[in-house]
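Letter by letter, the chains look like this.
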Amino acid sequence: MTSTVTTTTAVPSQSAWADDASWPEEPTGPPVPAEEELRALPPRKPRVDITNEAESFERLLRVMSSPDVPRLYVRSGGLNWITSDDKGEPSIHRLNSDNLLSWFAEHVETFAMRPSGRGKNAELVEVRQYPSGRTCSAILGREKWRLSKLAGVVTAPVLREDGTLLEQPGFDPTTGLFLFPRLSSTLPVPAQPTTKDVEEARNLLLLMLSGFPWVAASDQAQYLALALAPILRHSIPCPTPMGLITATTMGSGKSYLTFLFERLYGMGTLPWPRDNSDELRKAITTKLTQTGSPAICFDNVDNGGTLKSPLLADLLTKRYWEDRILGSTANIGAPNDRLWLATGNNLRTGGDMSRRVLWVRLDPDCPNPDQRDNFAIGDFVVWVRKNDAKILRALLVLVLGWVQAGSPLRTVKMGGYSEWATAMAGLLDWAGIPGFMADRASTSLELDEEVGEWHPLLATWYRVFGNSPKSTKELLQHSDINEDMPLTNRNERPVPRQLGQWLNARMGRYYGEYRVVRHPGPANAGALWSVSRLGDKKD
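Residues numbered from 1 in each chain as written. Predicted model: local features only at pLDDT ≥ 70, side-chain atom pairs only at ≥ 80, totals over all residues. Heavy atoms only, no water.

1. Here we look at the sheet that holds strand 15 (residues 267-270)
(1) Moving on: With respect to topology, five strands assemble into an open sheet ordered 15-16-20-14-22, the strand pairing being parallel. Whereas interior strands pair on both sides, the edge strands pair on one side only; in this sheet they are strand 15 and strand 22 (357-362). Each strand axis lies, on average, 25 degrees off the axis of its neighbour in the sheet, ignoring direction.
(2) Moving on: Across the sheet, helix 6 (residues 217-232) is in contact with strand 14 (242-247), strand 20 (339-345) and strand 22; its angle to strand 22 comes to roughly 125 degrees. (Pairing = 2+ DSSP bridges. Helix = DSSP H or I, 4+ residues; strand = E, 2+ residues; numbered from the N terminus. Axes fitted to C-alpha atoms, helices over the stretch in contact; angles between N-to-C directions. Contact = heavy atoms within 4.5 Å.)

Pasting the structure below:
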C-alpha cells in the first residue's frame with residue numbers, strides 16, 4: 001500500500017475526541033469547537049507510513065522540513081533544536097539518534113501497515129510504530145539537508161550587514177540567526193532616530209554610568225563599546241577583542257558592570273582555568289556549540305593575576321572554532337560569535353593577550369568602596385532591572401542613528417580587530433562619547449606583564465650604554481641593569497646564555513619607545529646587543 005505524508009492544521013488532535021474513536025471524517029461526538037477554541041487546540045500531527053523502511057527514510061526527511069512541526073536546524077554538521085535551560089537561557093541542542101526518535105514520537109504520527117486476521121479475512125491495518133534506530137542514525141548521517149542553517153542564537157535585536165535591524169523573534173532566513181528575546185518586554189525603536197532621540201539615549205546611558213570610578217574617560221567609552229558589541233557583532237565581519245574589567249580593590253563595581261550584560265543579553269560564566277588548557281578547550285567548545293548567551297565571562301580571576309593563555313589568545317582571533325568531540329575522532333565547530341569578558345582586581349596580561357584585549361579600569365581611591373553611595377540613579381542593580389528595556393532601546397537608538405548618519409568611522413589600528421575598533425570609534429565619536437582607545441599605549445605599559453618587565457630594563461640599558469653594542473655578560477655585570485633584569489621561573493637572575501635567548505626572542509619588538517637590536521659578535525663569541533629608541537637616527 002502506498003501512503004503519503006499528510007498534514008492538517010486548525011483541526012484538533014485525535015486525543016481531543018473520545019478515547020475509543022478512530023479519526024472520523026465527520027465527528028458526531030463532542031461539538032465542534034468555536035473558532036477561537038479551535039485555534040488554541042494543538043494541530044494534528046503529520047502522519048507518515050513507515051511500513052517500508054527505505055521509503056520511510058525520504059518521507060521522514062520531507063516531514064522534518066514541513067512547517068507543521070517544530071523546526072530543526074543544521075549547525076556544525078549536525079541536526080539541532082533550540083530549547084531553553086532551567087534559567088530560561090537559550091540552548092542549542094545537538095541531536096543524537098535517541099533525541100531524533102523522541103522528536104518523531106512527539107511531533108509526528110508514524111505508523112506501519114500490518115496484516116490482521118487470517119486467510120481470506122486478513123486485511124492490512126494501521127499500527128502505531130516508531131522509526132527504527134537505524135533509520136534515525138541514517139538520517140543523522142546525511143551530508144546535505146533540506147533544513148535551514150543556523151548561524152547562531154541572539155537574545156536581543158542585532159544589526160544585519162545591510163544596516164537593518166533584526167527584531168522579530170524566531171528564525172531570520174536572511175542572517176541564519178534565531179532571535180530568542182532575553183527581555184520580557186521591549187520598547188519600539190525608531191527606524192530613523194531623530195537628533196533628540198540620540199541625545200536622550202546618550203544621556204540615559206551616561207546617567208547610568210555616572211557613579212562608576214573610571215580611571216579615565218577611555219574606560220567608560222570602552223565599556224560602552226563592549227555593551228554595544230552584541231548588537232553589532234553580526235554586522236562587522238571580524239572578531240571582537242576581549243573585555244577586561246579590572247579594579248584596584250574589591251567592591252569597586254565590577255559585578256555591576258557585568259550585571260548589565262547578564263540582564264540585557266544573558267551571560268555565561270567560566271572559572272579561570274589557570275594551567276589546565278584541556279579543561280579550557282572543553283569549556284569553550286561547550287559554550288560555543290550548546291549555549292546561546294552572547295557574553296561569556298571569566299569571573300573573578302585571581303587577585304593580581306595575569307591572563308596568559310595561548311589557547312585563549314588563539315580563540316580571540318578566530319571567527320570559527322573547531323575542536324574534537326569527546327570520545328571521538330570527529331571534529332565539531334561553531335562560529336566564535338561571543339563577547340568574551342574577564343573580571344578581577346589588578347589584572348595584567350601576558351604573552352600575546354595584550355594585543356587582544358580592551359581594558360575597563362576602576363579605581364575608587366577610598367577605603368570600603370562598596371559603601372559608596374554616589375550613584376545618581378540610586379541602587380544600580382534595582383535601577384537596571386526596572387529600566388532594562390529603556391537601556392536596550394538607548395543602545396539600539398545609537399546604533400541606528402549612526403547607521404542613518406552614514407556610519408562615520410575613525411581609523412584605529414588594532415591588529416585583527418581594526419575593523420571593529422574603527423567602527424566603534426566612529427560610532428562613539430559620532431554619539432558624543434569621547435575617549436575610546438585614547439590611552440592604549442600607556443595602558444599597555446602599565447598592565448601588560450612583559451612590557452612592564454622589559455620597558456624599565458630597556459630604559460635603564462639605554463640610559464647607561466646608549467645604543468652601543470654590548471655582550472650579555474657585560475649587561476649582567478652592570479649593577480643598574482642587573483637591578484631591573486627580569487627573573488627566571490626560579491626567581492633568579494638569568495645567566496648570559498639564557499639572557500641571550502631572551503633577547504633573541506624579543507629583538508625588533510618595541511616595549512614602549514625602546515627595542516632590542518642584535519649585532520654580529522666577534523669570531524667564536526656570542527652576538528652583541530644594543531637598545532634603540534624610537535626616533536633615533538639610523539646609521
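What follows continues from the structure just given.
2. Some remarks on the layout of surface pockets
(1) Moving on: Empty space within the largest pocket amounts to approximately 830 Å³.
(2) Moving on: Around the largest pocket sit 39 residues that line it, and Ser 255, Thr 258, Phe 259, Glu 262 and Met 267 are the ones nearest its centre.
(3) Moving on: Take the lining of the largest pocket: its biggest share by element is six residues, from helix 7 (residues 254-264).
(4) Moving on: Partitioning the lining of the largest pocket into residue classes produces ten nonpolar, 16 polar and 13 charged. (1 Å grid on protein atoms, 1.4 Å probe; cavity = no way out; pocket = protein on both sides within 12 Å on 5 of 7 lines; lining within 4 Å. Points joined across faces, edges and corners; volume = space filled by probe spheres on them. Nonpolar A, V, L, I, M, F, W, Y, C, P; charged D, E, K, R; others polar.)

3. Comments concerning the nonpolar core
(1) Moving on: Met 208, Met 242, Trp 340, Trp 420 and Phe 436 are the most contacted members of the largest nonpolar core, which has 95 residues in total.
(2) Moving on: The element best represented in this core is helix 10 (residues 380-404), accounting for 14 residues.
(3) Moving on: Beyond its immediate stretch of four places on either side in the chain, Phe 436 contacts Ala 221, Gln 222, Ala 225, Leu 358, Arg 410, Trp 420, Ala 421, Met 424, Ala 425 and Leu 428.
(4) Moving on: Membership of the second largest hydrophobic core comes to 22 residues, among which are Val 74, Leu 79, Val 108 and Cys 136. (Core = buried A, V, L, I, M, F, W, Y, C linked by side-chain atoms within 4.5 Å. Buried < 20%, exposed > 50% of the residue type's maximum accessible area, 1.4 Å probe, protein only.)

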